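# A look at the structure
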Amino acid sequence: MTDAAELRSRTRELLAAYPPATTEPLDFLKARFDAGLAWVHYPVGLGGLGVPRSLQAVVDAELTAAGAPDNDPRRIGIGLGMAAPTVLKYGTEAQKQRFLRPLWVGEEVWCQLFSEPGAGSDLAALGTRAVRDGDDWVVDGQKVWTSSAHLARWAILIARTDPGLPKHQGISYFICDMTDPGVEVRPLRQITGEAEFNEVFLTGVRIPDAHRLGEIGEGWKVAQTTLMNERVSIGGMRIPREGGMIGPVARAWRDRPELRSHDLHQRLLTLWVEAEVARLTGERLRQQLVAGQPGPEGSGMKLAFARLNQEISGLEVELLGQDGLLYSDWTMRRPELVDFTGRDAGYRYLRSKGNSIEGGTSEVLLNIVAERVLGLPAEPRNDKDVAWKDLAR
């Protein structure tokens, strides 16, 4: 029912009614959401028009040309890339109406309470407990490596609701209010000097059953939607040619000919081609999303993202010589967003080390690609049918 021409017309009507130059950014974003131009593939009434995802580019082009504000996706990336698709797929109508609009316009920041000190690569081994108490669940436990927890109003949380079942079966999925009593956020200072990550302690936190996503005990299935979208959002980000990590290295090569050598040239060419292949593969993956939810292929993109970032940032430090050893600022701070390509070469080199850990470790993702993409035999897993409470810890 809606084609590119109609979308352009709708977008221009929005711009005429809410001129970006004279409209407060938040008011413009709310109007855009209500017009169905936020994410056009979402249903009517939830920021979309129920049309193919590929038509989003038509809207974005019109808005960019008019200088319209965006919703600062780097600041709310967890909400946009992980929470929203999970709420859309598993949420009740009331949950969708409550959470999606303030999430998209950036009024409410989200974080992800998944990993634990004893359950990172083996996430299903998590021990945070949720016990039913009337219409509420009482949650106790610890989460770690939580980006944006110091800014977040809401969190997507998985917790164990039945320790008598095997580890993948006794988990449920909740939306946790980060302002509730019993939620404590502590900074984790990283090798970069920043505390972009946090650890979160949950002590007697009460979550209403109305904030559960999916059925009781089916949290692992719900979490797969989150994790698949997370890997696409990390590894399949839309970037221009020479965007991302390869951009600063290519600029340094062009601007400082005195740094060049034949060996560095060959390595730069190889990585430039690999970065361009990854960029185009990411574009193809996003086009495949038009047909439905992301699959395990996103794990391959996330793998490539981590490896390339680490190799490219290493080459940049080597190319810059003594200048590559400099580090601008070790000040402890808790940033509002993560800029993988920001600051100086030293920051990029150190920050990229986390790329092979966050969003699924590279070792785990290799298993996913091997088993679910290539169809290779699965690794033996002797604990799959053992009750969680009986597992050795």
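Residues numbered from 1 in each chain as written. Predicted model: local features only at pLDDT ≥ 70, side-chain atom pairs only at ≥ 80, totals over all residues. Heavy atoms only, no water.

Right, let's talk about the overall build of the chain for a bit. A count of helical and extended segments in the chain gives eleven helices and eight strands. Expected size for 393 residues packed as a compact globule is a radius of gyration near 21 Å; at 22 Å, the chain falls within 12% of this value. The C-alpha extent of the chain, read off along each of the three principal axes, is 70 × 55 × 45 Å. Considering only contacts within the chain whose residues lie at least 6 apart along the sequence, 71% involve residues at least 24 apart. Here the chain has roughly 18,300 Å² of accessible surface; of this, 54% comes from carbon and sulfur atoms. Within the chain, the 53 negative side-chain charges are centred at a point lying 2 Å from the centre of the 47 positive side-chain charges. (Helix = DSSP H or I, 4+ residues; strand = E, 2+ residues; numbered from the N terminus. Rg over C-alpha atoms; globule rule 2.2 N^0.38 Å. Contact = heavy atoms within 4.5 Å. Areas by Shrake-Rupley, 256 points an atom, 1.4 Å probe, with all protein chains shown as cover. Lys, Arg positive; Asp, Glu negative; His and termini not counted. Charge placed at Lys NZ, Arg CZ, Asp CG, Glu CD.)

Within the largest apolar cluster, 56 residues are counted, with the highest numbers of intra-cluster contacts made by Trp39 and Met178. For this core, the element with the highest residue contribution is helix α4 (residues 77-90), accounting for seven residues. Among all residues touching Trp39, those that are not within four sequence positions of it are Phe33, Leu46, Gly47, Gly48, Gln56, Leu80, Ala84, Leu100, Leu103 and Trp104. Membership of the second largest hydrophobic core comes to 17 residues, among which are Leu264, Leu268, Leu271 and Leu319. (Core = buried A, V, L, I, M, F, W, Y, C linked by side-chain atoms within 4.5 Å. Buried < 20%, exposed > 50% of the residue type's maximum accessible area, 1.4 Å probe, protein only.)

By the alternation rule, side chains of strand β1 (residues 110-113) split into Trp110 and Gln112 and Cys111 and Leu113, which are all buried. Pairing between β1 and strand β4 (residues 154-160): four bridges, direction parallel. Bridge pairing in β4 links Trp110 to Trp154. (Pairing = 2+ DSSP bridges.)

The next point concerns helix α2 (residues 25-34). Taken as a whole, α2 has its buried residues at Phe28, Leu29, Ala31, Arg32 and Phe33. Of the surrounding secondary structure, the elements contacted by the buried residues of α2 are α1 (4-17), α3 (56-65) and α5 (93-105). Two residues or fewer past α2, Gly36 is found with a positive phi of approximately 80 degrees.

Turning to the packing of aromatic side chains, a few remarks are in order. For any pair of aromatic rings, the description rests on two quantities: the centre-to-centre distance and the angle between the ring planes. Scanning the entire structure with this criterion turns up ten aromatic pairs. With centroids separated by 6.3 Å and ring planes inclined at 45 degrees, the aromatic side chains of Phe33 and Trp104 adopt a geometry described as tilted. In this pair, Phe33 is assigned in helix α2 and Trp104 in helix α5, connecting sequence segments 71 residues apart. For the residue pair Phe33 and Trp104, the accessibility class agrees, reading buried in each case. On the basis of an interplanar angle of 90 degrees and a centroid distance of 5.9 Å, the ring pair of Phe114 and Tyr173 is categorised as edge-to-face. With Phe114 in the loop between β1 and β2 (129-133) and Tyr173 in strand β5 (residues 171-177), the pair connects residues that are 59 residues apart, well separated along the chain. (Phe/Tyr/Trp six-rings, centres within 6.5 Å; stacked < 30°, edge-to-face > 60°.)

Mapped onto the secondary structure, Lys167 falls in the loop between β4 and β5. The exposure class of Lys167 is buried, given its relative accessible area of 4%. As for Lys167 and Ala124, which are separated by 43 residues in sequence, their C-alpha atoms are 5.7 Å apart. Setting aside residues up to four positions removed in sequence, Lys167 forms contacts with Asp122, Ala124, Ala125, Arg160, Asp383, Val386, Trp388 and Leu391.

Counting across every chain of the model gives 35 salt bridges. Two residues, Asp136 and Arg206, come together in a salt bridge whose shortest N-O distance is 3.2 Å. Of this pair, Asp136 sits in strand β3 (residues 136-144) while Arg206 is found in strand β7 (residues 197-208), placing the two residues 70 residues apart along the sequence. For Asp136, a relative accessible area of 21% corresponds to the partly exposed category. One salt bridge in this structure joins Arg241 and Glu276, with 3.2 Å as the shortest N-O distance. (Salt bridge = Lys/Arg side-chain N within 4 Å of Asp/Glu carboxyl O.)

The next subject is the side chain of Ser147. Examined against the element boundaries, Ser147 turns out to sit in the loop between β3 and β4. On the basis of relative accessibility, which here comes to 18%, the residue Ser147 falls in the buried class. Sequence-distant contacts of Ser147, defined by excluding residues within four places in its chain, comprise Ile78, Cys111, Glu196, Phe197 and Asn198.

With the rule as written, the count across this model stands at zero disulfides. With no disulfide partner, Cys176 has as its closest neighbouring cysteine sulfur the one in Cys111, 7.8 Å distant. (Disulfide = S-S within 2.5 Å.)

Turning our eyes to something else, we now look at helix α7 (residues 246-255). Extensive coverage of α7 is indicated by the burial of seven of its ten residues. The complete set of buried residues in α7 reads Ile246, Gly247, Pro248, Val249, Ala250, Ala252 and Trp253.

What follows deals with a nonpolar patch on the surface. On the surface, Val373, Leu374 and Leu376 cluster together into a nonpolar patch covering about 280 Å² of accessible area. Tracing the chain through its elements places Val373 in helix α11 (residues 362-373). In this structure Val373 comes out as partly exposed when scored by relative accessible area, which is 39%. (Patch = residues over 30% accessible without salt bridge, like charges linked within 9 Å, V, L, I, M, F, W, Y side chains within 5 Å.)

Below, the discussion takes up unusual backbone geometry. Unlike most non-glycine residues, Trp145 shows phi in positive territory, near 60 degrees. Counting through the fold element by element, Trp145 comes out in the loop between β3 and β4. Positive phi outside glycine occurs at Ser148, with the angle close to 65 degrees. You can see Ser148 is positioned in the loop between β3 and β4.

Any link to function would need more than the numbers given here.
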